[in-house]
Structure formats: C-alpha cells, structure tokens
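Commentary on secondary and tertiary structure
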Amino acid sequence: MYRFLASTRWVGWLILVAIFATACVSLGNWQANRREQVLTGIERVNRNYFADPVSGGQALEKFNQLPEEKTWMTAKLTGSYLPGDTLIVRNRIKAGRPGYEVLVPFKTTQGEVVIIDRGYLPIGDEQSGHPDSIPAPPSGEVTVLARLKPGEVRLDRGAPEGQIASIQLEDYAQQVDYGIAQGAYGIMYQEDPAPSVTPQPLDAPDMDEGPHLSYEFQWYAFGVLAFVGFWYAARQQKKLNAEDAAELAEARALGFDEPVHKVRKVRAKAEKKYRRDGSLTDEAIEDALLDEAPEAPSDLR
C-alpha cells in the first residue's frame, strides 16, 4: 500500500524533508553552542567579579596581557591619576539613556600607566555632544580597586577633540606621549581617598543566559515535525489510494470500466440528486419533469 513512496515525487519530498530537518538540527546545535558560551561567561563573572583583588606586579601583568578566563578579575593599584589626558567615550548606554564613560590614565607606583574607566556620565543639558561637567579624580596618591576587561574593537568613525569612539587602547596610546598598558583597562569601583563627586558606576555584567535553550528545543522539534508531516501526508495518500481502489472495484462491479476520476464524476453527479434526508433535490425534480414533458409539435418549434 505504500509503493507510491518509491515514486520520483515522493522521493523528492523525502529529500526536501531530510534537508530541512538537517538544517533544523544544525540551528539547534548552534543555539546549544551559543548557550554554552553564555554559561561560560556567566561562570567567569561569578568566579572573578567578587574575588579578592590581586595587586602589584601580578595585577600589572594582567593589564598588559589579560587571558579570557581572567576577564572581570579585580585588581588593587596604588599611584596617581593623570587627569590632563582624560578622554570620554561616546555613545555609551546606562538604563536605556545614552551618555559617556570617563577614561583617565593612572600611573602606578611601579611606573606603569594603565587606563581606568571611572564610570558613566549622561548627555549634558547645557551643551550638546558633551557632558555638562566631568568630575575630577582624586589628586595625589590614590588606591584604586578595579575590574579588568580587554580593550574594545576599533570603530570606523571619528570623535570630537577630547573624545574617543571606543575603548581602543592602541588608539588611546597614540593620543598621549607616554606608554600605556594595552592588554586591558580597569573599571573603577572604589577609590581611596573617595572624592565627593564621581561618575555613576557602570552596570554589572548581564547574567541572563537568554532564550537559547528554548530556541534549541524548538529547532529540534521542527526537525522532528518535518518527518511527522511527511508521515501524515503518506498516510493520507494511502487512504486516498484505498478509496480509489474501492470506487474502481465498485464501478467495475456495476459494469463501468472507466478511470477512477470519471467514476468519481458520475458518482458526484448522482449524489447531487438527493438531499441528506434521501428526498430528491429541486434540481432533480425539475430535470425529471422536463424529461416527462411532451415534445412540442414540429411546426411550433
């Protein structure tokens, strides 16, 4: 009864279903990999974000070369800010509001200079394209606690004087006349002595794993449903083939030797003569009356 599956048409449909299901599995695996990457990032934040800070040469080593697994690690630095080379980063978002982040070079007691992100400033009300004021960092010797992040990618856009398009440490180094560590920068979360006015703290990293798990299951389900749909279509075709065979056998028993589609046409025409209660339709009665009516004389035609 399923011999029709060997036809070119059904083999073609099966190939298309297999291709679609393979694509669904690939997309499900991609979502699984994305979720794994997100979970790895969340685990890294949980491990590093609130860890005890490292200091001295160990901290400076990570500013020069930050392994991925050490992202968000905490560091304790002592030294002084170089506020004359402060830059602000454009197009930063906090709580859905655009603004800036304040970058200030920090010269450690070991003599190495690192970049410290002191926080967020909203767009100014008094002048466009610049915050109203930039809080000054504490002067003299300062102890800074910061969390390390790698520098950002270079953006293909410019920035006004005193600003930078992204936290691209190589670009920052070109704007000062001394060397800076280019492996990472620090996001300040505590200063001692603490100034009276500081930029707003940056938001903590996102810890939501997102919808990747549900999307993964959805893609796998779509792949399975493709074969379920093919099976259902085959069952329906088998049912139609069985009905065709029964109708043809019935027609031949009544003396018809016609193709199935012609037998169906005759049957449909016959069924139209009767209502569901078994009585004749108006059209059938009218046809019967016309058949019984006497023919008009030829001279009146």
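Everything numeric here is computed off the predicted structure, so don't read it as measured data.

1. Points about a nonpolar patch on the surface
- Together, Phe-20, Phe-222, Val-224, Leu-225, Val-228, Trp-231 and Tyr-232 line one region of the surface with nonpolar side chains, adding up to about 730 Å² of accessible area.
- The dominant element in the nonpolar patch, judged by the number of residues it contributes, is helix α4 (residues 212-253), at six residues.

2. Here's the deal with the side chain of Glu-101
- Within the element layout of this structure, Glu-101 appears in strand β4 (residues 97-108).
- Under the relative-accessibility criterion, Glu-101 is labelled buried at 9%.
- Once residues within four sequence positions are removed from consideration, Glu-101 is found in contact with Leu-87, Ile-88, Val-89, Arg-92, Asp-117, Gly-119, Tyr-120, Ile-167 and Leu-202.

3. Some points on the environment of Val-54
- Relative to the assigned elements, Val-54 resides in strand β1 (residues 54-55).
- For Val-54, a relative accessible area of 17% translates into the label buried.
- Put simply, Val-54 and Thr-74 are 20 residues apart on the chain and 6.5 Å apart in space, counted from C-alpha to C-alpha.
- When neighbours within four sequence positions are excluded, Val-54 is seen to be in contact with Ala-59, Met-73, Thr-74, Ala-75 and Lys-76.

4. A few points about the nonpolar core
- Judged by nonpolar contacts, the single largest core of 24 residues is most densely connected at Leu-77, Tyr-81, Phe-106, Val-114, Ile-116 and Val-144.
- With 17 residues, the next largest nonpolar core counts Val-113, Ile-167, Ala-173 and Val-176 among its residues.

5. Regarding the pattern of salt bridges
- All told, the structure shown has nine salt bridges when counted by the stated rule.
- The partner of Lys-94 in a salt bridge is Asp-203, and the shortest N-O contact between them spans 2.8 Å. Note that Lys-94 is positioned in strand β3 (residues 87-94) and Asp-203 in the loop between β8 (185-192) and α4, a separation of 109 residues in sequence.
- Relative accessible area serves as the criterion here: at 16%, Lys-94 is assigned to the buried category.
- Overall, the relative accessible area of 47% leaves Asp-203 in the partly exposed class.
- Among the ionic pairs, Arg-118 bridges to Glu-191, the shortest N-O distance being 2.9 Å. Highlighted residues: Arg-118 in strand β5 (residues 113-122) and Glu-191 in strand β8, separated in sequence by 73 residues. The burial state of Arg-118 is the same as that of Glu-191; both residues are buried.
- Through salt bridges with shared partners, one network takes in Arg-92, Glu-101 and Glu-152.

6. Considerations on the pairing of strand β2 (residues 74-81)
- Sheet topology places β1 next to β2; two bridges connect them, and they run parallel. Within β2, the residue paired with Val-54 across the bridge is Ala-75.
- In this region the chain leaves β1, passes through helix α2 (residues 56-64) and returns to the parallel neighbour β2; the handedness of that crossover is right-handed.
- In the sheet, β2 pairs with strand β6 (residues 142-149) via six bridges, with the strands oriented antiparallel. Across the sheet, the residue bridging to Leu-77 is Val-144, located in β6.

7. Observations regarding the packing of aromatic side chains
- One pass over the full model with this rule turns up six aromatic pairs.
- Relative to Phe-230, the ring of Trp-10 lies with its centre 5.6 Å away and its plane at 75 degrees, an arrangement referred to as edge-to-face. With a gap of 220 residues between them, Trp-10 in helix α1 (residues 8-48) and Phe-230 in helix α4 connect regions that are remote in the sequence. Of the two residues, Trp-10 and Phe-230, both sit in the buried class.
- Between Trp-219 and Phe-222 the ring centres are 5.7 Å apart and the planes differ by 85 degrees, which places this aromatic pair in the edge-to-face class.

8. Looking at unusual backbone geometry
- At the junction of Asp-192 and Pro-193, the peptide bond is cis and its omega measures out at 5 degrees in the coordinates.
- You can see Pro-193 is positioned in the loop between β8 and α4.
- Although it is not a glycine, Trp-72 adopts a positive phi angle of roughly 80 degrees.
- Among the secondary structure elements, Trp-72 is positioned in the loop between α2 and β2.
- Here the phi dihedral of Ala-95 falls at roughly 55 degrees; this positive angle occurs in a residue that is not glycine.
- Structurally, the position occupied by Ala-95 is in the loop between β3 and β4.

9. Things to note about the pairing of β4
- Among the 12 residues in β4, nine count as buried, and that is most of the element.
- Relative to β4, β3 runs antiparallel, the two being bridged by six bridges. Residue pairing across strands places Ile-88 opposite Val-102, the latter belonging to β4.
- Strand direction decides the pairing type here: β4 and β5, joined by nine bridges, are antiparallel. Across the sheet, the residue bridging to Lys-107 is Val-113, located in β5.
- Between β4 and β5, which pair antiparallel and follow one another directly, the connecting turn spans four residues, one of which, Gly-111, has a positive phi of 95 degrees.

Each value, and the rule that gives it
Each residue is numbered by its place in its chain's sequence as written, counting from 1. For a predicted model such as this one, the threshold for reporting local features is a pLDDT of at least 70, and the threshold for listing and counting side-chain atom pairs is 80 or more; totals across whole chains, interfaces and linings nevertheless cover every residue. Excluding hydrogens and water, the side-chain values take into account all heavy atoms of the structure. Exposure above 30% relative accessible area and the lack of any salt bridge qualify a residue for a patch; like charges then connect within 9 Å, and the nonpolar side chains Val, Leu, Ile, Met, Phe, Trp and Tyr within 5 Å. Note on areas: these come from Shrake-Rupley sampling with a 1.4 Å probe, and a residue is covered only by the protein chains present in the view. Put simply, a salt bridge is a Lys or Arg side-chain nitrogen that is within 4 Å of an Asp or Glu carboxyl oxygen. A run of H or I in DSSP counts as a helix once it spans at least four residues, and a run of E counts as a strand once it spans at least two, with each numbered from the N terminus. Type-normalised accessible area, obtained with a 1.4 Å probe on protein chains alone, sets the label of each residue: buried when under 20%, exposed when over 50%, and partly exposed for intermediate values. Residue contacts are defined here by distance: any two heavy atoms, one from each residue, within 4.5 Å place the two residues in contact. Residue types Ala, Val, Leu, Ile, Met, Phe, Trp, Tyr and Cys, when buried and joined through side-chain atoms within 4.5 Å, form a set referred to as a nonpolar core. We treat two strands as partners when DSSP finds at least two bridges between them. For the handedness criterion, the strands are oriented away from the viewer, and a crossover whose path from the first strand over the helix to the second runs clockwise is classed as right-handed. Two rings from Phe, Tyr or Trp (for Trp, the six-membered ring) form a pair when their centres are within 6.5 Å of each other. A pair whose planes differ by under 30 degrees is stacked, one over 60 is edge-to-face, and the rest are tilted.

These results come straight from atomic positions and should not be treated as a statement about function.
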